[in-house]
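Letter by letter, the chains look like this.
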Amino acid sequence: DDNNPEAKVSFGASTKYLHSNALKTGRFYASFGSLEIYLDQARLCPEGAEIYVDCHFGSIEIYVPNWWRVESNVHASIGAANAGERSVEAAPDAPLLTITGNVSFGAVEVNYI
C-alpha cells in the first residue's frame, strides 16, 4: 500500500503484490535472484508512473493490467528487456507506465494480465 514502493532481492526469489491508489514511482532491484512484481491491483497516478529496474545476473518480471500503456526504456547489456505481447491494444488515454533502468546478464520482462 505504497505509491512509491521499493523491493530488492539478492541470491533468492521474491514475489510482491503491490496495492496503490496513485502509483508514482517504483524502484526494483534483482542481483543473482528473481523478483516478480504484480501491479494488477494498483492504480497509476493520473500523470502516469515511472518504474526503475536494476537487474544483474537475475530476472525481474512485471505483471500489469492488459489495458495500461507501457513504455520500456530499459538498457540491456548482454541481457534482455522485453515489453511483452498484449491481447488487446491499449487506448490512447489509458494510464502510462514507463519502465527505465539497466539489465546485465539477466532479463526484465513485462507480462500483461
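The structure we're discussing is the one just above.
Residues numbered from 1 in each chain as written. Predicted model: local features only at pLDDT ≥ 70, side-chain atom pairs only at ≥ 80, totals over all residues. Heavy atoms only, no water.

Draft legend 1. Highlighting the environment of Ser59. Relative to the helices and strands, Ser59 resides in strand E6 (residues 59-64). Look past the residues within four positions of Ser59 in its chain and what remains in contact with it is Ala30, Gly33, Ser34, Leu35 and Ala107. (Helix = DSSP H or I, 4+ residues; strand = E, 2+ residues; numbered from the N terminus. Contact = heavy atoms within 4.5 Å.)

Draft legend 2. Molecular detail of the side chain of Asn111. Among the secondary structure elements, Asn111 is positioned in strand E10 (residues 107-112). Assessed through its relative accessible area of 17%, Asn111 is described here as buried. Only 3.2 Å separates the side chain of Asn111 from the side chain of Glu61, close enough to count as a polar contact. The residues contacting Asn111, other than those within four sequence positions of it, are Glu61, Ile62, Tyr63 and Val64. (Buried < 20%, exposed > 50% of the residue type's maximum accessible area, 1.4 Å probe, protein only. Polar contact = N/O pair within 3.5 Å; in protein donor to acceptor, adjacent residues only side chain to side chain.)

Draft legend 3. Spotlight on a nonpolar patch on the surface. On the surface, a nonpolar cluster with roughly 590 Å² of combined accessible area is contributed by Phe11, Phe32, Phe57, Ile78 and Phe105. For Phe57, the location among the structural elements is in the loop between strand E5 (49-56) and E6. (Patch = residues over 30% accessible without salt bridge, like charges linked within 9 Å, V, L, I, M, F, W, Y side chains within 5 Å. Areas by Shrake-Rupley, 256 points an atom, 1.4 Å probe, with all protein chains shown as cover. Salt bridge = Lys/Arg side-chain N within 4 Å of Asp/Glu carboxyl O.)

Draft legend 4. Representation of the pairing of E10 within the structure. Bridge analysis of E6 against E10 gives six bridges, and the strand direction is parallel. The residue of E10 that forms the bridge with Glu61 is Glu109. Strand direction decides the pairing type here: strand E8 (residues 80-82) and E10, joined by three bridges, are parallel. When the sheet's bridge partners are listed, Asn82 is paired in E10 with Glu109. (Pairing = 2+ DSSP bridges.)

Draft legend 5. Inspection of the sheet that holds strand E2 (residues 13-23) at higher detail. One open sheet accounts for five strands, arranged E2-E4-E6-E10-E8; its pairing is parallel. At either margin of the open sheet sits one strand with a lone partner, and together these are E2 and E8. Within this sheet the neighbouring strands show an average axis-to-axis angle of 15 degrees, counted without direction. Summarising the sheet, strand E4 (residues 34-44) and E6 pair through five bridges and their orientation is parallel. Along E6, the bridge assignment pairs Ile37 with Ile62. (Axes fitted to C-alpha atoms, helices over the stretch in contact; angles between N-to-C directions.)

In short, the description is geometric, and any link to function would need to be established separately.
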